[in-house]
Each structure stands twice: as structure tokens, then as C-alpha cells.
Amino acid sequence: MSTLKAVRGTRDLLPPETALWNRIEAVARSVFERYNFGEIRTPVFEDTGLFARGVGEETDIVSKEMYTWEDRARAQSEKSQSLTLRPENTAGVVRAYIEHKLGETGQLQKLYYIGPQFRRERPQKGRYRQFSQIGAEVIGPVSAGSESPVRDAEVLEMLATLLDELGISGWTLKINSVGSASDRPAYIAKLKAALEPVVGQMCEDCQRRAVTNPLRVLDCKVPHDQPFIDALPKIADSLDEASRTHFAAVCAALDAAGVPYERDHRLVRGLDYYTRTTFEFTHGGLGAQNALLGGGRYDGLSEAIGGPKAPGIGFAMGEDRLVLTLQELDAAKAELADAYIAPLGEAQNPAALGLARELRRGGLRIELGDGSFRLKKSFEAADKVARTIVLFGENEAQSGILTVKNFSSGIQSKIARVELAAHLVAARTK
Ligand code: HAM
């Protein structure tokens with residue numbers, strides 16, 4: 001008999017990796033609490049219609065990737081029903097918002113979730129059929145300020161804080177506006193007209209999308225199609241006054257808060273509910289599946305699934321991808337020496353060897369430079385192999401006070417020789 005294995009695209013998470021998952025979730029919960037979010041837990045499966053109407057029939061998620069089955073009635077009083085394992089959590093949260101009449105509180109609802117999602121995608125690094133999302137939604141009646149651009153900016157600023165607290169450096173935030181229900185139809189019409197004469201020369205996906213979901217053509221990555229896409233009209237030029245003002249206010253608030261971002265006029269995202277602001281945080285360490293998280297505003301979603309007007313904005317982070325990024329950052333960090341000792345002048349070589357010996361005996365990983373190197377060369381060599389550089393000249397040898405520069409923080413400080421080992425150990429976690 002063949003041995004049974006976990007299903008393709010699913011994985012077991014084992015210790016010690018699970019400790020990292022728990023740490024990520026603890027940091028996320030602590031950040032969400034400080035921004036006054038509460039936790040929501042919705043069922044893992046829902047009526048198929050929720051995703052068809054909420055996420056959109058023509059999206060890849062709904063048309064190709066859902067785990068859907070017909071659930072047989074078990075009693076005469078029950079009906080059979082089409083059910084689907086949730087491919088994402090926003091539609092479920094909005095359903096719960098409507099079902100529990102949360103809008104009647106008159107308050108903004110600020111809800112976060114952590115849990116598994118399911119999509120039948122082609123598995124690869126960072127892409128699984130069962131994966132976990134950490135997400136949050138801000139939703140409520142217009143009178144509670146749910147349409148305000150300050151909500152968009154606050155969510156983005158919270159994400160920058162969360163990634164920083166997780167220790168994920170080197171992310172890029174891309175933002176765009178996809179317009180509203182009132183200005184988007186005009187853009188789609190322009191896009192269709194511009195696509196018509198060229199789409200026959202584009203890939204099969206583009207040909208299909210040009211008919212079913214033209215905005216998604218902007219998402220195409222096929223190199224041959226790029227010149228055609230670059231020549232298409234830009235959505236930014238079709239935004240009406242209200243959408244333009246909203247987007248400008250989001251950008252101004254991000255500038256004021258010091259959150260760096262790039263505008264990407266092709267960022268349309270793969271779910272149909274988005275209006276106005278869309279965004280993604282990417283990370284170079286992830287390879288092809290480089291989106292750490294994605295989100296945006298969905299001012300019409302509640303109405304699309306039969307609820308009251310309830311504009312909202314939210315995001316979901318791929319927890320599996322956060323784990324991968326942290327493992328890669330840590331692995332890169334772990335390979336670095338704790339310090340590069342740079343003797344200043346050949347005369348210092350013997351004493352520098354003594355310092356290296358002392359630190360190595362104390363368990364530190366040390367690279368010893370060469371006093372014949374010019375300072376610039378020592379810095380260049382050190383930056384490649386070590387977390388810090390320790391300058392060791394005649395003054396330092398005599399005074400016992402060393403100059404230490406940390407490459408990731410850029411901070412240079414004076415450290416007494418007796419405290420150097422402890423200082424270098426502490427720098428491992430910075
Ligand atoms: P999404 O872009 O489909 O958005 O997914 C959000 C994140 O989930 C992605 O950026 C990625 O990190 C992760 N992810 C998606 N698919 C997979 C997969 N197959 N394997 C591993 N990770 C994956 C949404 O789901 C929206 N509900 C986000 C949102 C919330 N928009 C507004 N509110």
C-alpha cells in the first residue's frame with residue numbers, strides 16, 4: 001500500500017517553525033490592539049454565492065480556484081446547498097457585519113482575523129492551496145467616517161508599523177486608485193476601445209479578460225504584451241474629482257506620517273470589489289510570489305451582497321510569506337560575522353589579533369581585517385561579511401575605547417573594550 005501524504009499544496013507546520021508563526025501572530029495581535037481593532041472569527045466555509053457575488057464571478061479566484069461542493073441535505077427540512085471553503089476572508093467579514101447588524105451601532109467596526117484560506121492554485125514557493133492570512137477590515141456607515149481617506153492612510157501606516165515590529169525590512173508599498181462605481185465605467189469603456197485593435201496580438205489570458213474583466217489586462221506579466229499595455233489609457237486620467245481628491249488626501253497623509261510609497265497605475269488587484277485605493281506591500285526576498293500583503297477599499301461590497309451601504313477598507317497579509325521572509329532575513333543575518341575588526345595601520349595587526357582572539361574565545365564570530373588596508377577598503381570588506389565594524393587604531397589600543405559602527409542601523413558609537421562582546425551579542429537581534 002502506498003503511504004498517504006499531505007495533499008498537494010498543503011503542509012504540516014512543525015516545531016521549531018511553529019514558534020515563528022506564534023511570534024508573528026502575537027506581534028500582529030499586539031499591533032491590532034493598539035490601533036483598537038477587535039478579533040472576528042468567521043466560518044471556514046460559506047455559501048458559494050457569497051464569493052460569486054462578493055469577489056466576482058469573472059475573477060480567477062472564483063472561476064478557477066475555489067474548493068466548492070454540493071452539500072447534500074441530511075433531513076427533509078434541509079436543502080442541499082453549494083458550499084465553498086473560503087478563498088479569502090473579506091466577503092465573510094462583510095457578511096457577518098450585515099448578519100449581525102453591526103452598522104446599527106453607528107460606529108466604525110475595526111475587525112481583524114487570523115486563519116486558513118483555500119485556493120486551488122499551482123503550488124510553488126510562497127503559494128499554497130491552504131495558506132494563512134492575517135487581515136483586518138475597517139467598515140461602517142458613512143456617518144461614522146468610513147469613507148474618509150484618513151482611514152486608508154491609518155491602515156497603511158499600521159501596516160508599516162506592523163512590518164517594522166516584525167523585523168521585516170526592505171518592503172515596498174505600491175498604491176493606486178481604481179476609481180469608484182461612478183467613474184470606473186467610463187474608464188472601462190476607454191480601455192475596451194483601446195484594446196480592441198491590439199488585443200488579437202496579446203496573450204490568451206488578455207484576450208479573455210478584454211471581454212470579461214478588462215481591468216485585469218493591466219495585471220498581465222507576459223513580456224510580449226508589455227508595450228501594448230504601456231500604451232493603454234491610464235486610470236488616473238479618468239478619475240473624477242471626488243476620487244482624485246480622495247487619492248491625493250491618502251498620499252498627503254502618508255507623506256505627513258513618513259510612510260514611503262510608490263504609485264503604480266497598473267495595480268488593479270485580482271478581486272472585483274475594490275473601489276478607489278488599492279495597495280500591495282512587496283518584498284524582494286520572496287521571488288515570483290513577492291506580494292507580502294494586499295488590500296484596498298471596497299465601498300460597494302456590502303450592497304453587492306445584499307446589505308446596507310457600508311464603505312470599508314482592509315488588507316490581508318500572507319502569513320506563510322511573512323514566515324518565508326523572516327526566515328530569509330534571519331538566514332542572511334545569521335551568516336554574517338558579529339564584527340569585522342579593522343586594524344588602523346600595520347602596526348596594529350598584532351594587537352588586533354589579540355582582540356579577535358579574546359572575542360572569538362567569548363563565542364563571537366569575528367573577521368579580522370588587515371592594517372595595510374585603507375579605511376575605505378576596510379569598510380567595504382566589512383560591509384560584505386559582518387554586522388559591525390570595529391576600528392582598532394593606536395588611540396583605541398591605548399584608551400580601551402573602541403569605535404564601533406553597526407551597518408544596519410548606521411549608528412556609530414564608542415564602546416569600552418570590556419563591554420564590546422556584550423554589545424556585539426545585543427546587535428545580533430537589531
Ligand atoms: P489577496 O491579494 O488575494 O487579497 O491576498 C492577500 C495576500 O494573501 C497576498 O498578498 C498573499 O500574501 C497571500 N496569498 C494569497 N494567495 C496565496 C496563496 N495561494 N498562498 C500563500 N499566500 C497567498 C485578499 O485576499 C483580500 N481579501 C485582501 C483584502 C482585505 N482586501 C480588503 N480587505
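Just so it is clear, the structure is predicted and the values come from calculations on it, not from any experiment.

Caption draft 1: Seen up close, the side chain of asparagine 89. Structurally, the position occupied by asparagine 89 is in the loop between strand S4 (81-85) and helix H4 (90-99). Residues in contact with asparagine 89, not counting those within four places in the same chain, are Thr42, Tyr113, Gln117 and Gln133.

Caption draft 2: A look at unusual backbone geometry. The amide bond that connects proline 15 to the next residue, proline 16, takes the cis arrangement and shows omega of 5 degrees. As for its placement among the helices and strands, proline 16 is situated in the segment before helix H1 (17-34). The phi dihedral of asparagine 36 falls on the positive side, at around 65 degrees, and the residue is not glycine. On the accessibility criterion, asparagine 36 (59% relative accessible area) is exposed. Residue arginine 276 is not a glycine yet carries a positive backbone phi of 55 degrees.

Caption draft 3: Geometry of H4. Of all the 10 residues making up H4, 8 are buried; the element is thus mostly covered by neighbouring parts of the structure. Turning to H4, its buried residues are Thr90, Ala91, Gly92, Val93, Val94, Arg95, Ala96 and Tyr97. At its buried positions, H4 is contacted by strand S2 (45-47), helix H2 (48-56), strand S5 (109-118), strand S6 (130-139) and helix H10 (301-304). Following H4 by one or two positions, lysine 101 adopts a phi angle in the positive range, close to 50 degrees.

Caption draft 4: Representation of the nonpolar core. Judged by nonpolar contacts, the single largest core of 45 residues is most densely connected at Phe32, Phe279, Phe281 and Phe315. Of the residues forming this core, the biggest block, 8 residues, is contributed by helix H5 (residues 149-166).

Caption draft 5: Layout of the sheet that holds S4. In space, the 3 strands of this open sheet follow the order S2-S4-S3, with antiparallel pairing throughout. Edge positions in the sheet fall to S2 and strand S3 (68-71), since each has one partner strand and no second. In this sheet, adjacent strand axes meet at a mean angle of 35 degrees when their direction is disregarded. Note that S3 and S4 share 4 bridges and pair antiparallel.

Caption draft 6: Structural detail: the domain arrangement of the protein. Considered domain by domain, the protein is made up of domain 1 (17-183 + 239-329) and domain 2 (339-427). Computed over C-alpha atoms, the centres of domain 1 and domain 2 are 46 Å apart.

Caption draft 7: Here's a closer look at H5. In this model, H5 (18 residues) spans 26 Å end to end at C-alpha, consistent with the 26 Å of a helix rising 1.5 Å per residue. Counting buried positions along H5 gives 13 out of 18 residues, so the element sits mostly inside the fold. Following H5 by one or two positions, glycine 167 adopts a phi angle in the positive range, close to 85 degrees.

Caption draft 8: Here's a closer look at the pairing of strand S10 (residues 291-297). Among the 7 residues in S10, 7 count as buried, and that is most of the element. Bridging between strand S9 (residues 275-283) and S10 involves 6 bridges; their strand directions are antiparallel. Pairing of threonine 278 across the sheet is with glycine 296, part of S10. Judged from the 5 bridges that link them, S10 and strand S11 (residues 312-318) form a sheet pairing that is antiparallel.

Caption draft 9: Inspection of the pairing of strand S7 (residues 171-177) at higher detail. The buried fraction of S7 is high, at 5 of 7 residues. Sheet analysis places S7 next to S9, joined by 7 bridges and oriented antiparallel. Pairing of asparagine 176 across the sheet is with threonine 278, part of S9. Pairing of S7 with strand S8 (residues 262-263), which is carried by 2 bridges, proceeds in the parallel orientation. Along S8, the bridge assignment pairs lysine 174 with glutamate 262.

Cut-offs used in this document
Residues numbered from 1 in each chain as written. Predicted model: local features only at pLDDT ≥ 70, side-chain atom pairs only at ≥ 80, totals over all residues. Heavy atoms only, no water. Helix = DSSP H or I, 4+ residues; strand = E, 2+ residues; numbered from the N terminus. Contact = heavy atoms within 4.5 Å. Buried < 20%, exposed > 50% of the residue type's maximum accessible area, 1.4 Å probe, protein only. Core = buried A, V, L, I, M, F, W, Y, C linked by side-chain atoms within 4.5 Å. Pairing = 2+ DSSP bridges. Axes fitted to C-alpha atoms, helices over the stretch in contact; angles between N-to-C directions. Domains from an automatic or database assignment. Expected span 1.5 Å × (residues − 1).

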